[in-house]
Amino acid sequence: MEIGHKITATYNDGRIFSGTIVQIEIGSSEGVLYGDGHAAPNRTMIRLRKENGNHISLYLDKCISVEKEEA
């Protein structure tokens, strides 16, 4: 997965999100500070731009599947 790829992700609670990757943040043992103001050690976050133009941040450890959409 890279910035610009279109993906569909399914969260562990059944919610499905799709959009274009605009940012990828890889957490480390020291943590990464995201926009919500909470440290997220050892977590990887993908920020998507949805079709309606809104953005959403997804945490990979909460996803049960992430699939790249074919062009």
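Everything that follows concerns the structure shown earlier in this document.
The structure displayed is predicted, hence computed values, not measured ones.

> What's the story with the pairing of strand 2 (residues 16–26) in this structure? I'm lost.
The two faces of a sheet get side chains in turn, since along a regular strand they alternate between them. Taken together, the five bridges between strand 1 (residues 6–11) and strand 2 define a ladder with antiparallel strand orientation. Its bridge partner lying in strand 2, Ala-9 is registered against Phe-17.

> It is not clear to me how the pattern of salt bridges should be interpreted in this structure. Could you clarify?
Across all of its chains, the model carries one salt bridge by this definition. The salt bridge partner of Arg-15 is Asp-13, with a shortest N-O separation of 2.8 Å. Classification of Arg-15 as partly exposed rests on a relative accessible area of 43%.

> Help me understand the nonpolar core in this model?
Soluble globular proteins tend to pack their nonpolar side chains together in the buried interior. The biggest cluster of nonpolar side chains holds 12 residues, and these are Ile-7, Ala-9, Tyr-11, Phe-17, Ile-21, Met-45, Ile-46, Leu-48, Ile-56, Leu-58, Tyr-59 and Cys-63. Of all the secondary structure elements, the ones that give two or more residues to this core are strand 1, strand 2, strand 3 (44–49) and strand 4 (55–59).

Cut-offs and rules
Residues numbered from 1 in each chain as written. Predicted model: local features only at pLDDT ≥ 70, side-chain atom pairs only at ≥ 80, totals over all residues. Heavy atoms only, no water. Pairing = 2+ DSSP bridges. Helix = DSSP H or I, 4+ residues; strand = E, 2+ residues; numbered from the N terminus. Salt bridge = Lys/Arg side-chain N within 4 Å of Asp/Glu carboxyl O. Buried < 20%, exposed > 50% of the residue type's maximum accessible area, 1.4 Å probe, protein only. Core = buried A, V, L, I, M, F, W, Y, C linked by side-chain atoms within 4.5 Å.

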